[in-house]
Structures are given as structure tokens and as C-alpha cells.
Amino acid sequence: MNYQTLRHNCPSWNNYIQHEFVQQLTAGTLAADSFRHYLIQDYLYLIHYTRVMALSVYKSDTLAQMRVGQSGINAMLDLEIGMYLDFCHQWGIPLADVEGAAESAVTIAYSRYILDAAMSGSLAELYAAIAPCLMGYGEIGKRIKDNGFITGNPYQPWIDVFSSDEFQAITAQNEAQIDLLLADASPAQADKFQRLFDTAARMEVNFWQQALDLS
Ligand SMILES: Cc1ncc(CN)c(N)n1
């Protein structure tokens, strides 16, 4: 088993990657209220996601595995959360409002799901659960770049992060890590990996949708 098998067998993958939220963001037509809602919930989600990456370091056996987790942590804190801090500054959203915002039910469900997988499972299970998050956004960024950017998109900084060479290098590094960890999976383990991946992908769909619904 490998990452591409997980992706190929995931029933909600296209729904995730081509969600209406992504299409509107790509076209620059996404309502500001939806982006603000997403930004706040995603900031809260990323705090937990970074904890998961820290657990990946804890669960690593080798220096090479630890370094993948380390670059994931750096990507979250510097690239992704850094970009949100810039948006907060530009849009006049006080950081205290973001940090003090209530987590939505969707955010709680998704972030605690991956945290539970990370705490209770093996390193391979941890990566199966977080693969939709990192790999999916990398795929979205690459797809938008390949199709060509529109001019004057207010959400271009978001697109720039996920389409950047830096982020693409991290997704490539993670794909290699996942492939190594999943290579010798038994049928029972493969089922477990796929279930973790599919559930996380379903939650990604809900994450976009909550921003459109402002729920
Ligand atoms: C919900 C979600 N999923 C994935 C990513 C990309 N790390 C994100 N920022 N937010």
C-alpha cells in the first residue's frame, strides 16, 4: 500500500479537492465572511494539527522520520499560521479574537479525530490520518497554479502558500514517508489506514462546507 492507493480509493477525494469553497476561493469570488470564518476555524485547527506533528516526532524511530515531522511543524507555524497572521493584520482581525473564538463542532470533530489517531495509533496510522490534510492542500495548490492564477484575487496569499515550491517539497517528503511506512501493511492494517484516510477526507469536506454555511 502507498499514498496513491489511499488517494485513489477514497470516495470523497474529488469532493474535497474540488469543493465549491475551493472553486470560489480560486476565482476570488468567495464571500469575505466565509473566508473569515474559515481563517478563524483553520487557525484553531492548525494548533491541534501542529500538536499531531509533534507527536509524529515522538513516535519516530529514526532521525529521518523525525525530520519529516520537524519540517511539518515548521510549515504549520511559519508558512500556514504565518499567512493567517498576515491576513489578520491586513483584515483588521485582532489575534485575541481568533484565539478566543469558539471552536465549531466540525473543527472539534476533525482536530480531535486526528489527535486521537496520533495518540492511540502507530506512526503509520498517524500519517494515514493526516495525509488528506497536508497532501490534499498541496494538490489543490498545484492544481490552481497549473490552471493559472487570476489577477487581483484577494485570496492569492493563501494560494501562494500551498502552490509554493516550499510547500510542494514538504508534500513530496511526506508522500515518501507515507509510502515507506505503509509499504508492508497487512490486509487488516491496509483497511485501517484506508478508514483513517477516508474519515479525515470526509471531515475536510465538512470543513470547507462549514465556511460556506457559516456554521
Ligand atoms: C482543515 C485543514 N486541512 C488541511 C490544511 C493544510 N495543512 C489546513 N490548513 N486546514
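About the thresholds
Residues numbered from 1 in each chain as written. Predicted model: local features only at pLDDT ≥ 70, side-chain atom pairs only at ≥ 80, totals over all residues. Heavy atoms only, no water. Axes fitted to C-alpha atoms, helices over the stretch in contact; angles between N-to-C directions. Helix = DSSP H or I, 4+ residues; strand = E, 2+ residues; numbered from the N terminus. Parallel < 35°, antiparallel > 145°, perpendicular 65-115°, else oblique. Left-handed = near helix turned anticlockwise from the far one by under 90°. Contact = heavy atoms within 4.5 Å. 1 Å grid on protein atoms, 1.4 Å probe; cavity = no way out; pocket = protein on both sides within 12 Å on 5 of 7 lines; lining within 4 Å. Points joined across faces, edges and corners; volume = space filled by probe spheres on them. Nonpolar A, V, L, I, M, F, W, Y, C, P; charged D, E, K, R; others polar. UniProt positions renumbered as here; feature names shortened; annotations may be inferred. Buried < 20%, exposed > 50% of the residue type's maximum accessible area, 1.4 Å probe, protein only. Near = heavy atom within 4 Å. Polar contact = N/O pair within 3.5 Å; in protein donor to acceptor, adjacent residues only side chain to side chain. Areas by Shrake-Rupley, 256 points an atom, 1.4 Å probe, with all protein chains shown as cover. Sits in = over half its atoms within 2 Å of the grid points. Core = buried A, V, L, I, M, F, W, Y, C linked by side-chain atoms within 4.5 Å.

Caption draft 1: Broad picture of the packing of helix H7 (residues 105-120) against helix H8 (residues 123-147). The interhelical angle for the contact between H7 and H8, taken along N-to-C directions, is 150 degrees, at an axis separation of 8 Å. When the interaxial angle is binned, H7 and H8 end up roughly antiparallel. For H7 against H8, the interelement crossing comes out left-handed. On the side of H7, the interface is formed by Tyr 110, Ile 114, Ala 117 and Ala 118, while H8 contributes Leu 126, Ala 129, Ile 130 and Cys 133.

Caption draft 2: The arrangement of empty space enclosed by the protein in detail. A full pass over the atoms with the stated rule returns one cavity of 30 Å³ or more. Considered as a void within the structure, the largest cavity measures approximately 50 Å³ in volume. Taken together, Asp 42, Tyr 45, Leu 46, Glu 80, Cys 133, Tyr 137, Glu 204 and Phe 207 make up the full set of residues lining the largest cavity. Per-element accounting of the lining of the largest cavity gives the leading share, three residues, to helix H4 (residues 32-58). In terms of residue class, the lining of the largest cavity is built from five nonpolar, no polar and three charged.

Caption draft 3: Broad picture of the UniProt feature "domain: Thiaminase-2/PQQC" (unreviewed entry) in the protein. When the UniProt feature table is mapped onto this chain numbering, "domain: Thiaminase-2/PQQC" (unreviewed entry) sits at residues 11-213. In residues 11-213, the share of helix is 83% and the share of strand is 0%. The end C-alpha atoms are 23 Å apart.

Caption draft 4: Region of the structure containing helix H9 (residues 156-163). Most of H9 sits out of view: six of its eight residues are buried. By the burial criterion, the buried members of H9 are Gln 156, Trp 158, Ile 159, Val 161, Phe 162 and Ser 163. Lining the buried residues of H9 we find helix H3 (20-27), H4, helix H5 (63-91), H8, helix H10 (165-182) and helix H11 (187-213).

Caption draft 5: Spatial organisation of the environment of Phe 207. Secondary-structure assignment places Phe 207 in helix H11. Residue classification places Phe 207 among the buried residues on the basis of a relative accessible area of 2%. The spatial distance from the C-alpha of Phe 207 to the C-alpha of Ala 105 is 9.9 Å, given a sequence separation of 102 residues. Ignoring any residue separated from it by four or fewer positions in sequence, one finds Phe 207 in contact with Tyr 38, Gln 41, Asp 42, Tyr 45, Val 106, Thr 107 and Tyr 110.

Caption draft 6: Examining the site of the ligand more closely. Around the ligand sit Asp 42, Tyr 45, Leu 46, Glu 80, Tyr 110, Cys 133, Tyr 137, Glu 204 and Phe 207, and that is every residue in its neighbourhood. At a separation of 2.7 Å, a nitrogen atom of the ligand approaches a polar side-chain atom of Glu 80. With respect to the ligand, the side chain of Tyr 137 contributes an N or O atom lying 3.3 Å from a nitrogen atom. In isolation the ligand offers 290 Å² of accessible surface; the protein chains occlude 100% of this area. The cavity that encloses the ligand is the largest cavity. Counting only elements with at least two residues in the shell around the ligand, the list comes to H4, H8 and H11. Per element, the largest residue contribution to the shell around the ligand is three residues, and it comes from H4.

Caption draft 7: Local environment of the nonpolar core. Core analysis: the biggest nonpolar cluster contains 71 residues, and Phe 35, Tyr 38, Tyr 49, Trp 158 and Trp 208 have the highest contact counts within it. Ranked by residues supplied to this core, first place goes to H8 with 14 residues. The contacts of Phe 35, once residues within four sequence positions are left out, are Leu 25, Leu 30, Phe 87, Trp 91, Tyr 155 and Trp 158.

Caption draft 8: Summary view of the side chain of Ser 111. Counting through the fold element by element, Ser 111 comes out in helix H7. Here the side chain of Ser 111 touches Thr 107 through a polar contact of 2.7 Å, landing on its backbone oxygen. Not counting residues within four places of it along the chain, the set of residues in contact with Ser 111 comprises Tyr 45, His 48 and Glu 103.

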